[in-house]
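The residues making up each chain are set out below.
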Amino acid sequence: MSTKQEKKGFVEEIAIPEGVQAELVGTLLKIKGPKGEVQRDFISKVVKLEKKDKSVVVRTDAGSRNDKRMIYTFASHMKNMFNGVRNNYVYRLKVCSGHFPISIKAEKDKFLISNFLGEKVPRVARILENVKVKQEGDVITVEGPDVGNTSQTAANLEIATKIRNRDRRRFQDGIYLLDKNGVKI
């Protein structure tokens, strides 16, 4: 991948990896791979997309720095999509409960957290589409091909157990991120 400057604009060519299929319909890019399917709508007034045999070409007609930034942003999103359909993004979280035993349960598009700080009503975290949530004891694994949906689901789990109006040094109950794609936090 290298950005080339033409007479008036910039061109970036992103190679499609082996075993991955890409389809471009207008501004909607659909990518299928062994681990799943991801799609994203790349809407821009200045950036144009086109699909060649083994690559996706991102092009601008103008040559400003902002246009070049948009090309790099689109290229980065496409690389994340290609990486996600080949190797899923994996986030691991840990359930910590010091005061009250927390019970957790994953449903279709919801994650229920019961008895958090002794509350009677369970807290609910939303699970986004194309994301799988598994629990093994007190470790929760969030896995999916779309980096945005996977990371947002992990963030939803953390935010659902955010403690307010209590001393954080004493009440350390909650769900906390352990690692992202094998890298410890």
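Residues numbered from 1 in each chain as written. Predicted model: local features only at pLDDT ≥ 70, side-chain atom pairs only at ≥ 80, totals over all residues. Heavy atoms only, no water.

(A) Spotlight on the sheet that holds strand S11 (residues 123-126). Read across the sheet, 3 strands follow the order S9-S10-S11 without closing on themselves; strand pairing throughout is antiparallel. Across the chains shown, the open sheet's two edge strands, defined by having one partner strand only, are strand S9 (103-106) and S11. Strand-to-strand, the axes of this sheet are offset by a mean angle of 20°, without reference to chain direction. Sheet topology places strand S10 (residues 110-114) next to S11; 4 bridges connect them, and they run antiparallel. Bridging from a neighbouring strand, Phe 111 pairs with Ala 125 of S11. (Pairing = 2+ DSSP bridges. Helix = DSSP H or I, 4+ residues; strand = E, 2+ residues; numbered from the N terminus. Axes fitted to C-alpha atoms, helices over the stretch in contact; angles between N-to-C directions.)

(B) Up close: the sheet that holds strand S5 (residues 36-41). Read from one edge of the open sheet, 3 strands run S3-S4-S5, paired in antiparallel fashion. Edge positions in the sheet fall to strand S3 (21-25) and S5, since each has one partner strand and no second. Each neighbouring strand pair of the sheet contributes to a mean axis angle of 15°, computed without reference to strand direction. When strand S4 (residues 28-33) meets S5, the two strands line up antiparallel, connected through 6 bridges.

(C) The arrangement of the pattern of salt bridges in detail. Evaluated as defined, the whole model comprises 6 salt bridges. When the shortest N-O distance is used, the salt bridge between Arg 59 and Glu 50 registers 3.6 Å. Overall, the relative accessible area of 22% leaves Arg 59 in the partly exposed class. A relative accessible area of 33% means that Glu 50 is categorised as partly exposed. Put simply, Asp 179 and Arg 92 hold a salt bridge, and the shortest N to O gap is 3.1 Å. Of this pair, Asp 179 sits in strand S14 (residues 174-180) while Arg 92 sits in strand S8 (residues 89-96), and the two are 87 residues apart along the sequence. For Asp 179, a relative accessible area of 7% puts it in the buried group. (Salt bridge = Lys/Arg side-chain N within 4 Å of Asp/Glu carboxyl O. Buried < 20%, exposed > 50% of the residue type's maximum accessible area, 1.4 Å probe, protein only.)

(D) Seen up close, the side chain of Thr 161. Here Thr 161 lies in the loop between helix H2 (147-160) and S14. Polar contacts involving the side chain of Thr 161 include one to the main-chain amide nitrogen of Ile 175, which spans 3.0 Å. With sequence-adjacent residues up to four places away left out, Thr 161 is seen in contact with Ile 113, Phe 116, Arg 123, Asp 173, Gly 174 and Ile 175. (Polar contact = N/O pair within 3.5 Å; in protein donor to acceptor, adjacent residues only side chain to side chain. Contact = heavy atoms within 4.5 Å.)

(E) Quick look at the nonpolar core. If you look at the biggest cluster of nonpolar residues, it comprises 21 residues, and the most contacted ones within it are Phe 111, Ile 113, Ile 140, Val 142, Leu 157 and Ile 175. Where this core is concerned, the elements lending two or more residues are S8, S10, strand S13 (139-144) and H2. Among the elements that make up this core, the one with the highest residue count is S8 (4 residues). Ignoring anything within four residues of it in the chain, the contact list for Val 142 reads Tyr 89, Val 90, Tyr 91, Leu 93, Val 131, Lys 132, Val 133, Thr 150, Thr 153, Ala 154 and Leu 157. Counting 20 residues, the second largest nonpolar core, distinct from the first, contains Ile 16, Ile 31, Val 56 and Val 58. (Core = buried A, V, L, I, M, F, W, Y, C linked by side-chain atoms within 4.5 Å.)

(F) Representation of unusual backbone geometry within the structure. Its identity as a non-glycine residue notwithstanding, Asn 115 has a phi of 60°, on the positive side. Within the secondary structure layout, Asn 115 lies in the loop between S10 and S11. Of note, Asn 130 is a non-glycine position whose phi angle comes to about 65°, a positive value. Checked against the element boundaries, Asn 130 lands in the loop between S11 and strand S12 (132-136). The class for Asn 130 is partly exposed, based on a relative accessible area of 47%.

(G) A look at H2. Taking 1.5 Å per residue, 14 residues should reach 20 Å; H2 reaches 20 Å between its end C-alpha atoms and fits that length. Every buried residue belonging to H2 is among Thr 150, Thr 153, Ala 154, Asn 156, Leu 157 and Ala 160, and all of these are buried. One side of H2 holds all its buried residues, which, seen down the axis, span an arc of 150°. On the buried face of H2, the contacting elements are S8, S10, S11, S12, S13 and S14. (Expected span 1.5 Å × (residues − 1). Arc of directions from axis to C-beta.)

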